[in-house]
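Each chain is listed here by its residues.
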Amino acid sequence: MSFSGDVLMSNRWETGSGPSALFDRPKEVGEARPDSSERTTEPVSLAWKELIRDEILDVAAACSKEGWDGEDAIPISADSVGRAIKLLYLAPDAIRPPSVVPTIDGEIAFEWRLGKHKIISLLVEDDEIVFSAILGSLNNRESATKPLKNGWPARLSEILTG
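The text that follows walks through the structure, step by step, so that each part is easy to find.

Reading the values: rules and limits
Residues numbered from 1 in each chain as written. Predicted model: local features only at pLDDT ≥ 70, side-chain atom pairs only at ≥ 80, totals over all residues. Heavy atoms only, no water. Helix = DSSP H or I, 4+ residues; strand = E, 2+ residues; numbered from the N terminus. Buried < 20%, exposed > 50% of the residue type's maximum accessible area, 1.4 Å probe, protein only. Contact = heavy atoms within 4.5 Å. Pairing = 2+ DSSP bridges. Axes fitted to C-alpha atoms, helices over the stretch in contact; angles between N-to-C directions. Core = buried A, V, L, I, M, F, W, Y, C linked by side-chain atoms within 4.5 Å. Polar contact = N/O pair within 3.5 Å; in protein donor to acceptor, adjacent residues only side chain to side chain.

### Notes on the environment of Glu 66
Part 1: Examined against the element boundaries, Glu 66 turns out to sit in the loop between α2 (44–62) and α3 (78–90).
Part 2: Judged by its relative accessible area of 64%, Glu 66 is exposed.
Part 3: Sequence spacing of Glu 66 and Gly 106 is 40 residues, and the spatial spacing of their C-alpha atoms is 9.3 Å.
Part 4: Excluding anything up to four places from it in sequence, Glu 66 contacts Ala 73 and Pro 75.

Structure follows, in structure tokens:
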């Protein structure tokens with residue numbers, strides 16, 4: 001599926017992806033449940049990435065017009081969507097799924113709120129991963145940038161799996 005800047009219209013409840021794909025349920029009342037040979041073979045640990053990918057597409061569709069925030073926000077571009085999805089699939093499987101957050105400058109960020117005093121934000125901007133975190137009640141802060149081609153930030157993996 002590609003994003004072209006127009007509103008994406010889909011019903012993942014019918015097409016087999018999204019939250020309903022995680023449950024084994026009949027399509028119509030009275031229809032038999034599929035046998036085990038028809039179930040997905042995708043490991044459970046990767047299912048969250050498919051849900052977040054769908055959320056990225058939904059956020060991009062909702063924020064595809066100039067001023068989507070009611071002010072001067074830049075629309076989410078297809079390039080931003082591609083970078084966010086690439087970053088998503090670089091993420092270690094063992095981390096907590098992030099929230100998907102649009103930015104007013106046309107990017108898509110991932111955010112984790114891990115308690116009252118732990119907030120982490122990550123996005124790709126111009127092929128650079130930008131990572132920022134507040135870690136603890138004393139406002140301990142960390143931030144870094146690195147090229148997307150170098151992969152997921154090791155420090156972020158430490159924080160999210162530790």
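### Considering the sheet that holds strand β2 (residues 108–113)
Strand pairing in a sheet takes place through backbone hydrogen bonds and is either antiparallel or parallel in direction.
Part 1: In space, the 5 strands of this open sheet follow the order β1-β2-β3-β4-β5, with antiparallel pairing throughout. Of all strands in the sheet, those with a lone pairing partner are β1 (99–102) and β5 (141–147), marking the two edges. If you compare each strand with its neighbour and ignore which way they point, the axes differ by 20 degrees on average.
Part 2: Looking at chain direction, strand β4 (residues 128–135) and β5 are connected through 7 bridges and run antiparallel.

### Observations regarding the nonpolar core
Part 1: The biggest cluster of nonpolar side chains holds 32 residues, and the ones touching the most others in it are Ile 56, Phe 110, Trp 112, Ile 120, Leu 122 and Trp 152.
Part 2: Broken down by secondary-structure element, the contributors of at least two residues to this core are α2, α3, β2, β3 (118–125), β4 and α4 (154–161).
Part 3: Once residues lying within four places of it in the same chain are set aside, the contact partners of Ile 120 are Phe 110, Glu 111, Trp 112, Leu 114, Phe 131, Ser 132, Ala 133, Leu 135, Leu 156, Ile 159 and Leu 160.

### A short note on the side chain of Ser 64
Part 1: Within the element layout of this structure, Ser 64 appears in the loop between α2 and α3.
Part 2: A distance of 3.0 Å separates a polar atom in the side chain of Ser 64 from the backbone oxygen of Ala 61.

These results come straight from atomic positions and should not be treated as a statement about function.
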